[in-house]
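What follows is each chain in one-letter form.
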Amino acid sequence: MSGAGEAYPDEVLVADLREWLPHQRWFAAKGQTIEDVEVVLRNAVVDEGDLAADHLLVRVSFTSAPAQIYQVPLGFRRRTVDELQQWAITGPDGPAGRSLFVYDGLRDQEILDRYAHSLATGGTHGTLELHHVPGSTIEEGLRGRALNAEQSNTSVVLGEQLLLKLFRRVTLGVNPDVELPLALGESGCRSIAPIRAWIEAEIDGVRTTLAMVQDFAANSADGWSMALGSVRDLMIEGDLRADEVGTDFAGESHRIGAAVADVHAHLASALGSSERPAVELAGEMTARLEAAAAEVPDLAEPAGAVRAAFEQVASLGRIPVHRIHGDLHLGQVLRTPERWLVIDFEGEPAKSLEERRRPDSPLRDVAGMMRSFDYAAHHSVDEGESTEVSSQRGFRAKEWAERNCAAFCEGYAAAAGLDPRESNVLLRAYELDKAVYEVVYEARNRPSWLRLPLDAIRRLTED
Ligand SMILES: Nc1ncnc2c1ncn2[C@@H]1O[C@H](COP(=O)(O)OP(=O)(O)O)[C@@H](O)[C@H]1O
Ligand SMILES: O=P(O)(O)O[C@H]1O[C@H](CO)[C@@H](O[C@H]2O[C@H](CO)[C@@H](O)[C@H](O)[C@H]2O)[C@H](O)[C@H]1O
């Protein structure tokens, strides 16, 4: 193919992306009206025979929200390929004037082979810079397979050894998902998947992270799936307590607590710790609540009680802070045959990079896990069930969540020497702050899950 750029110029490309982007799981601006799409980087990856691929970054501007940058590697072929049809962006059987089949390039084996080759070589490829972590090498010929998981980013397993994660929404600057694992790796933390390489480019004059490569934990299971298995077994055995079911999760929760404490200790020693006025933290929580309540009407009723919980934080003086994970939940911990690993240090996708890099209390991460135990427990208690059954299952769910929250805190305390439950006012405020964030997240992404954080806010403000 002689240059996809000629056959598929920027002005045609952006018109098609304008239609396609809002339907992608990783598109963070659901519900916003797109004003314009503009190409900020277009770098050829391959252009041979029937195949071309471009590494593409686009800036999407909206009528009533700040612009966002997205990373969209594209594949181009002269004919439609059946296996790639579900990833199609357009033609050639699509709208008039589109002579190429255009699709999400990370789904094409041949294109992934090119990325794997460039990663093995390292160095500069057009406007992209590929860096290896000192002491790490990437072997040639690793075959890629994209994970189908519905995630914020797109991950590709390379040769069952490495995981390439390409950030979909790109924020100008260094992504904490590279910054923190690099620091943790250097300080000898073993509770993470070591980072091996990253890709960056200069965007708007700022050195910006585009992707990272870390060790792939083969034979691992994520905490969310394991926890759901445990809850499912408990629900089947309606007359057994959580500690009597074979898949009791409390031992694992204890170990997850210890792994999170290990990560916190290394983050504090590698990147320093300090203090922040509690009144400032309380102000940030309240501001988030007001913004969330303006977006989701269901928050109007509990908002008063949540505000009161945040006001209690304001009187706590100064709070010890250091860099933290920032978006910890059961899906961010992986059980390998040897240990639990903490992954995905990007922070909450809705926050600015500056906010995500700001030191915060480790209790924010602990609260993230408390919320996740609550999600796992209540997710299978269906609203539509008969009152009698659902109250029995509701009782079991509450018991499971309390048991695992306690085990996590005990594991954390055993490793850190400090039990998070001793800071109950601050911990509850962080749980509420996370639940408020989840209300917005679910309203935008999974409206049928909205009841989970809303019920939790009710429970947390009732006690
Ligand atoms: N190092 C790893 N080894 C094995 N699987 C991983 C690894 N990192 C992530 N995963 C899997 O990929 C999924 C997505 O990873 P994550 O970092 O959470 O991506 P995202 O930023 O898109 O949410 C995880 O739920 C996990 O199942
Ligand atoms: O994993 P991401 O970084 O994309 O995090 C976002 O998506 C999560 C859902 O996948 C969301 O987590 C919420 O749902 C989880 C169950 O699916 C639950 O375990 C978490 O406790 C709950 O917060 C996360 O908040 C969001 O940032």
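Residues numbered from 1 in each chain as written. Chains lettered and ligands numbered in written order. Predicted model: local features only at pLDDT ≥ 70, side-chain atom pairs only at ≥ 80, totals over all residues. Heavy atoms only, no water.

If you check an unreviewed UniProt entry, the protein appears there as Phosphotransferase from Rhodococcus sacchari.

Undergrad: Quick question: what am I supposed to make of the sheet that holds strand β19 (residues 340-342) here?
TA: Remark on secondary structure: sheet strands pair via backbone hydrogen bonds, oriented parallel or antiparallel. Spatially, three strands are ordered β15-β18-β19 in an open sheet, and the strand pairing comes out antiparallel. At either margin of the open sheet sits one strand with a lone partner, and together these are β15 (221-222) and β19. With three bridges connecting them, strand β18 (residues 333-335) and β19 associate as antiparallel partners. Across the sheet, the residue bridging to leucine 334 is leucine 341, located in β19. Docked against the sheet, helix α6 (residues 250-271) engages β18 and β19, running at close to 45° with respect to β19. (Pairing = 2+ DSSP bridges. Helix = DSSP H or I, 4+ residues; strand = E, 2+ residues; numbered from the N terminus. Contact = heavy atoms within 4.5 Å. Axes fitted to C-alpha atoms, helices over the stretch in contact; angles between N-to-C directions.)

Undergrad: Would you mind showing me how to read the site of ligand 1 here?
TA: Within the structure, ligand 1 sits among 18 residues, and Gln151, Asn153, Lys165, Asp215 and Ala217 are positioned closest to it. Separating an oxygen atom of ligand 1 from a backbone N or O atom of serine 152 is a distance of 3.3 Å. Within the backbone of alanine 217, a nitrogen or oxygen atom sits 2.7 Å from a nitrogen atom of ligand 1. Protein contact buries 90% of the 560 Å² of open area that ligand 1 shows by itself. When residues of the shell around ligand 1 are sorted by domain, at least three fall in each of domain 2 (110-215) and domain 3 (221-462). (Near = heavy atom within 4 Å. Polar contact = N/O pair within 3.5 Å; in protein donor to acceptor, adjacent residues only side chain to side chain. Areas by Shrake-Rupley, 256 points an atom, 1.4 Å probe, with all protein chains shown as cover. Domains from an automatic or database assignment.)

Undergrad: For this particular structure, what's the right way to read the domain arrangement of the protein?
TA: Many structure descriptions define interface size as the accessible area lost when the parts assemble. Here the domain parsing of the protein yields domain 1 (4-105), domain 2 (110-215) and domain 3 (221-462). Domain 2 and domain 3 are separated by 28 Å when their C-alpha centres are compared. Between domain 2 and domain 3, the contact holds 25 residues from the first and 21 residues from the second. Note on domain 2 versus domain 3: buried area summed over both sides is about 1,900 Å², and carbon and sulfur give 55% of it. The interface formed by domain 2 and domain 3 holds three salt bridges in total. When the shortest N-O distance is used, the salt bridge between aspartate 344 and lysine 165 registers 3.0 Å. Along the contact surface separating domain 2 from domain 3 lie nine residue pairs in polar contact (both at pLDDT 80 or more). The element best represented in the side of domain 2 that touches domain 3 is helix α4 (residues 176-186), accounting for seven residues. (Buried area = accessible area lost by both parts, 1.4 Å probe. Salt bridge = Lys/Arg side-chain N within 4 Å of Asp/Glu carboxyl O.)

Undergrad: What is the right way to look at the confidence of the model for the protein in this model?
TA: Reading predicted coordinates in detail is not appropriate for stretches of low pLDDT. The share of residues in the protein with pLDDT of 70 or more is 95%, and the mean pLDDT across the chain is 92. Scored as a complex, the prediction yields pTM 0.92 and ipTM 0.97. (pLDDT = per-residue confidence, 0-100.)

Undergrad: For this particular structure, what's the right way to read the site of ligand 2?
TA: For ligand 2, the set of nearby residues contains 16 residues, the closest of which are Ser152, Ser372, Tyr437, Glu438 and Tyr441. At 3.0 Å, a side-chain N or O of aspartate 327 approaches an oxygen atom of ligand 2. Separating an oxygen atom of ligand 2 from a side-chain N or O atom of glutamine 332 is a distance of 3.5 Å. Isolated, ligand 2 exposes 530 Å² of accessible area, and the fraction of that covered by the protein chains is 93%. Taken together, the elements giving at least two residues each to the shell around ligand 2 come down to α10 (363-379) and α12 (424-445). With four residues, the single largest contributor to the shell around ligand 2 is α12. Taken together, the residues that form the shell around ligand 2 break down as six nonpolar, four polar and six charged. (Nonpolar A, V, L, I, M, F, W, Y, C, P; charged D, E, K, R; others polar.)

Undergrad: Would you mind showing me how to read the pairing of strand β11 (residues 162-166) here?
TA: Both faces of the sheet carry side chains from a regular strand, because those side chains alternate between them. By the criterion of burial, β11 is predominantly enclosed, with five of the five residues buried. Side chains of β11 alternate between two faces, with Leu162, Leu164 and Leu166 and Leu163 and Lys165 buried alike. Pairing geometry for strand β10 (residues 154-158) and β11, over five bridges, is antiparallel. Across the sheet, the residue bridging to valine 157 is leucine 163, located in β11. If you look at the hairpin formed by β10 and β11, you'll find three residues sitting between the two strands, and glycine 159 has a positive phi there, around 55°. Looking at chain direction, β11 and strand β14 (residues 206-215) are connected through five bridges and run antiparallel. (Buried < 20%, exposed > 50% of the residue type's maximum accessible area, 1.4 Å probe, protein only.)

Undergrad: Mind showing me how you'd approach the sheet that holds β14 here?
TA: If you trace the seven strands from one edge of the open sheet to the other, you get β7-β8-β13-β14-β11-β10-β9, paired in antiparallel fashion. At either end of the open sheet lies a strand with only one pairing partner, and these are β7 (123-125) and β9 (144-146). Adjacent strand axes in the sheet meet at a mean angle of 25° when their direction is disregarded. Bridge analysis of strand β8 (residues 128-132) against strand β13 (residues 195-203) gives four bridges, and the strand direction is antiparallel.

Undergrad: When you look at the environment of phenylalanine 373 in this model, what are you seeing that I'm missing?
TA: Counting through the fold element by element, phenylalanine 373 comes out in helix α10. A sequence separation of 35 residues divides phenylalanine 373 from phenylalanine 408, and the C-alpha atoms of the two residues are 9.7 Å apart. Those residues in contact with phenylalanine 373, other than ones at most four positions away along the chain, are Phe249, Ser253, Leu330, Trp400, Ala401, Asn404, Cys405 and Phe408.

Undergrad: What's the story with the side chain of glutamate 442 in this structure? I'm lost.
TA: On the secondary structure map, glutamate 442 appears in helix α12. Sequence-distant contacts of glutamate 442, defined by excluding residues within four places in its chain, comprise Tyr375, Pro447, Trp449, Leu450 and Pro453.

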